[in-house]
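What follows is each chain in one-letter form.
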Amino acid sequence: MNPTDNASRDLLRKIPQVNDLAAAALADDETTGLPRQVVLDATRRVVERLRETILSGSTGSLSPSEFETESLAGKVREEARRAMKPRMVKVINASGVILHTNLGRSPLSIRALEAVVRTSRGYCNLEYRLDEGTRGSRQDHLESLLCALTGAEAAVVVNNNAAAVLLVVSALAKGREVIVSRGQLVEIGDSFRLPDIMSQGGARLIEVGTTNRTRLEDFSNAIGPETALIMNIHKSNFKMVGYTEDVPLSELVELGRQHFIPVAEDLGSGSLVDLEPFGLEGEHTAGASIAQGADLVTFSGDKLLGGPQAGLIVGTAEYVEEIRRHPLARAVRSDKMAVAALEATLREYLEPDSALESLPALRMLSEPAEKVKRRANKLKRALGGSDSDSLSCEVVPETSRAGGGTLPTAEIPTFCLSVSSKRVSAAELEIALRGREPAVVCRVHEDRLLFDLRTVSDDEINELAAAIAALA
Ligand SMILES: *Cc1c(COP(=O)(O)O)cnc(C)c1O
């Protein structure tokens, strides 16, 4: 329909004025509690949508009653209520991806959450020495714990690991050269590319070796008067197989020592406990890197560590001090909530066995598949045991993933509840689950929904069951 024609013009004239409509919406008793500005904005959106419908010519779907002020005011209130709801909501992660970056990576332990509430509701001694009544450092709460857990001389914590790497390069190699193997020039995701970090840090990147093979002599041949740093970067999110060769960290350290050049290792995930007993190979601990002589090691707080977002830098006192004093350190410092949560998370590791239980990420990574199966059966029972008329459910073996660019090839045996509907496609069901509160994120495979119980906790089973039951 041509927007200038008479029918459209008549309809457009029927739309109430924004102010009148907002006043009608606000006049309603139920509206108490909806801020005026939110109602006004909602009114503009409702009016704008109505105009667009008319101008697009799809007026066939409009009934005259839709132009009545009361009916439109109802829509405005609905829109305003939606706008008042928090956008950031709880998600039940049934995807089986443990360190799901889009879902907030690592969930926090109870003690980490309690520490945040305890120290952030009122004031805390973030940078205050209670013993002397003088200014302190936020690093004081973390450094000795990190040193105890990794064997390092010193430590400094920043906002995230990308910032940690940038800071290491800026503080140690600005205006000079950093040598890196071509096989390690990784992109971590969302524009974090190692070569870009080097140039942001003001360093010249010297690439050595080839994509698949780099030898010690490639590094030693590249060393010159401008060399400031040798970097070893964990490949994190990909794996190279076949005809490959990497230089072990210990050999890089020896080479660095001969030439008085520091060696930094970016571990990415950086676990504090050995995960091999759980079949998760390929990650060595931050402590192992320090033991092999790395001068600096960087890793994330919210990957395998299982804590808040943070970038942890551990190493020799001399280099850590240079990093701490660099102007960028202030720009990328951690906030008090992250410091509180990280301190509590690190304390969990003082008892490594109980850390595997108390830190959700570690618990999910290490839980035996048989225990996951019990939860899958519990979910099935909560749904009424046997198949309902419209949904069919069965517990099936599957594989979970570590996620967060960690352990990319690790296939963690798990059990899923597989659900399908006789009437509705799995793709449509998956959309409905995402729109709920709490939202549910699951996998879709061959027109079935897969709910991986490895990443669903015991106390989420009932909510998840309710969400699935609502699909029927
Ligand atoms: C994840 C990762 C980073 C970035 O860490 P963030 O904490 O996400 O900033 C850097 N380097 C490597 C090798 C990584 O795996």
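Since we're looking at a predicted model, the values are computed, not measured. (Residues numbered from 1 in each chain as written. Predicted model: local features only at pLDDT ≥ 70, side-chain atom pairs only at ≥ 80, totals over all residues. Heavy atoms only, no water.)

Colleague: Residues and numbers for the overall build of the protein, please.
Modeller: Helices and strands together make up the secondary structure of the protein, namely 19 helices and 17 strands. Taken along the three principal axes of its C-alpha coordinates, the protein extends 85 × 55 × 55 Å. For the protein, the share of sequence-separated contacts (at least 6 apart) that also reach a separation of at least 24 residues comes to 73%. Of the roughly 23000 Å² of accessible surface on the protein, 49% is carried by carbon and sulfur atoms. Separation of charge centres in the protein, based on 55 positive and 67 negative side chains, amounts to 4 Å. (Helix = DSSP H or I, 4+ residues; strand = E, 2+ residues; numbered from the N terminus. Contact = heavy atoms within 4.5 Å. Areas by Shrake-Rupley, 256 points an atom, 1.4 Å probe, with all protein chains shown as cover. Lys, Arg positive; Asp, Glu negative; His and termini not counted. Charge placed at Lys NZ, Arg CZ, Asp CG, Glu CD.)

Colleague: Tell me about the pattern of salt bridges, and please be specific about residues and values.
Modeller: One pass over the structure, following the stated rule, counts 33 salt bridges. When the shortest N-O distance is used, the salt bridge between arginine 182 and glutamate 207 registers 3.0 Å. Linking arginine 182 in the loop between strand 5 (177–181) and strand 6 (187–189) with glutamate 207 in strand 8 (residues 204–208), this pair joins segments that are 25 residues apart in sequence. One salt bridge connects arginine 193 with glutamate 187, and the closest N-O pair in it is separated by 2.3 Å. Its relative accessible area of 37% is what places glutamate 187 among the partly exposed residues. The network of salt bridges with shared partners includes Arg45, Arg49, Glu79 and Arg82. (Salt bridge = Lys/Arg side-chain N within 4 Å of Asp/Glu carboxyl O. Buried < 20%, exposed > 50% of the residue type's maximum accessible area, 1.4 Å probe, protein only.)

Colleague: Could you give me a rundown of the environment of leucine 433, with the residues and numbers involved?
Modeller: Take leucine 433: it is sitting in helix 18 (residues 426–434). Given the relative accessible area of 0%, leucine 433 is considered buried. Placed 19 residues apart in sequence, leucine 433 and aspartate 452 show a C-alpha to C-alpha distance of 14 Å.

Colleague: Help me get a handle on helix 10 (residues 249–259), residues and values and all.
Modeller: Among all positions of helix 10, only Leu249, Leu252, Val253, Leu255 and Gly256 are buried. Along the axis of helix 10, the buried positions cluster into a sector of 165°, meaning they face one direction only. Exposed residues on helix 10 whose side chains face more than 90 degrees from its buried face are Glu254 and Gln258. Tucked into the core, helix 10 has its buried residues touching helix 9 (216–222), strand 9 (227–233), strand 10 (263–268) and helix 11 (286–291). Looking one or two residues beyond helix 10, the residue adopting positive phi is phenylalanine 260, at roughly 55°. (Arc of directions from axis to C-beta.)

Colleague: How would you explain the packing of aromatic side chains if you had to name every residue and give the values?
Modeller: Any two aromatic rings considered together are summarised by their centre-to-centre distance and by the angle between their planes. Applying the stated criterion across every chain yields a total of 0 aromatic pairs. The ring of phenylalanine 67 has lysine 14 sitting right over it, with the charged end atom 5.7 Å from the ring centre. (Phe/Tyr/Trp six-rings, centres within 6.5 Å; stacked < 30°, edge-to-face > 60°. Lys NZ or Arg CZ within 6 Å of the ring centre and 35° of its normal.)

Colleague: How would you summarise the pairing of strand 9 if you had to cite specific residues and measurements?
Modeller: Extensive coverage of strand 9 is indicated by the burial of 7 of its 7 residues. Of the strand pairs in this sheet, strand 5 and strand 9 are connected by 3 bridges, and their pairing is parallel. Looking at strand 9, one finds that valine 178 is bridged to leucine 229. Pairing between strand 9 and strand 10: 4 bridges, direction parallel. The partner of methionine 231 across the bridge, within strand 10, is alanine 264. (Pairing = 2+ DSSP bridges.)

Colleague: An account of the domain arrangement of the protein is needed here, citing residue identities and associated values.
Modeller: In terms of domains, the protein is made up of domain 1 (6–84), domain 2 (91–99 + 365–470) and domain 3 (108–353). Here the C-alpha centre of domain 2 lies 40 Å away from the C-alpha centre of domain 1. (Domains from an automatic or database assignment.)

Colleague: How would you explain the environment of aspartate 459 if you had to name every residue and give the values?
Modeller: Structurally, aspartate 459 is set in the loop between strand 17 (448–452) and helix 19 (461–469). A residue is classified by how much of its surface remains accessible, and aspartate 459, at 64% relative accessible area, is exposed.

Colleague: A description of the state of the cysteines should follow, citing residues and the corresponding values.
Modeller: Applying the stated rule across the entire model yields 0 disulfides. No disulfide involves cysteine 393; its sulfur sits 12 Å from that of cysteine 442, the nearest cysteine. Looking at the unpaired cysteine 442, the closest cysteine sulfur is the one in cysteine 416, lying at 9.6 Å. Taking the relative accessible area as the measure of exposure, cysteine 442 reaches 9% and is therefore buried. (Disulfide = S-S within 2.5 Å.)

Colleague: Residue-level account of the packing of helix 6 (residues 140–150) against helix 14 (residues 336–348), with values.
Modeller: Helix-helix packing: each pair is described by the crossing angle between the helix axes and the interaxial distance. For the pair helix 6 and helix 14, interaxial distance at closest approach is 10 Å and the crossing angle is 30°. Relative to helix 14, helix 6 is oriented roughly parallel. Read as a crossing pair, helix 6 and helix 14 show a hand that is left-handed. Taken together, the residues of helix 14 that come into contact with helix 6 (itself represented by His141, Leu142, Leu145, Leu146 and Leu149) are Val339, Leu342, Glu343, Leu346 and Arg347. Looking at the contact of helix 6 with helix 14 residue by residue, the classes come out as 7 nonpolar, 1 polar and 2 charged. (Axes fitted to C-alpha atoms, helices over the stretch in contact; angles between N-to-C directions. Parallel < 35°, antiparallel > 145°, perpendicular 65-115°, else oblique. Left-handed = near helix turned anticlockwise from the far one by under 90°. Nonpolar A, V, L, I, M, F, W, Y, C, P; charged D, E, K, R; others polar.)

Colleague: Describe the sheet that holds strand 10, and please don't skip the residues or the numbers.
Modeller: Each strand in a sheet pairs with its neighbour through backbone hydrogen bonds, running either in the same direction (parallel) or in the opposite one (antiparallel). Strand order in the open sheet formed by 7 strands is 4-12-11-10-9-5-8, with mixed pairing between adjacent strands. The outermost strands of the open sheet, each flanked by one partner alone, are strand 4 (154–158) and strand 8. With direction set aside, neighbouring strand axes in the sheet form an average angle of 25°. Two strands pair when backbone bridges link them, and strand 10 and strand 11 (residues 296–300) are joined in this way by 4 bridges, in the parallel orientation. Note on strand 11: the bridge partner recorded for aspartate 266 is threonine 298. Across the sheet, helix 12 (residues 317–325) touches strand 4, strand 11 and strand 12 (311–315), and the angle it forms with strand 4 is around 30°.

Colleague: Outline the sheet that holds strand 14 (residues 412–421), listing residues and values.
Modeller: Spatial strand order, 13-14-17-16: 4 strands in an open sheet with antiparallel pairing. Strands at the two margins of the open sheet, each flanked by one partner only, are strand 13 (391–400) and strand 16 (443–445). Neighbour to neighbour, the strand axes of the sheet diverge by 35° on average, direction disregarded. With respect to the sheet, helix 18 is in contact with strand 14, strand 16 and strand 17, its orientation differing from that of strand 17 by roughly 45°.

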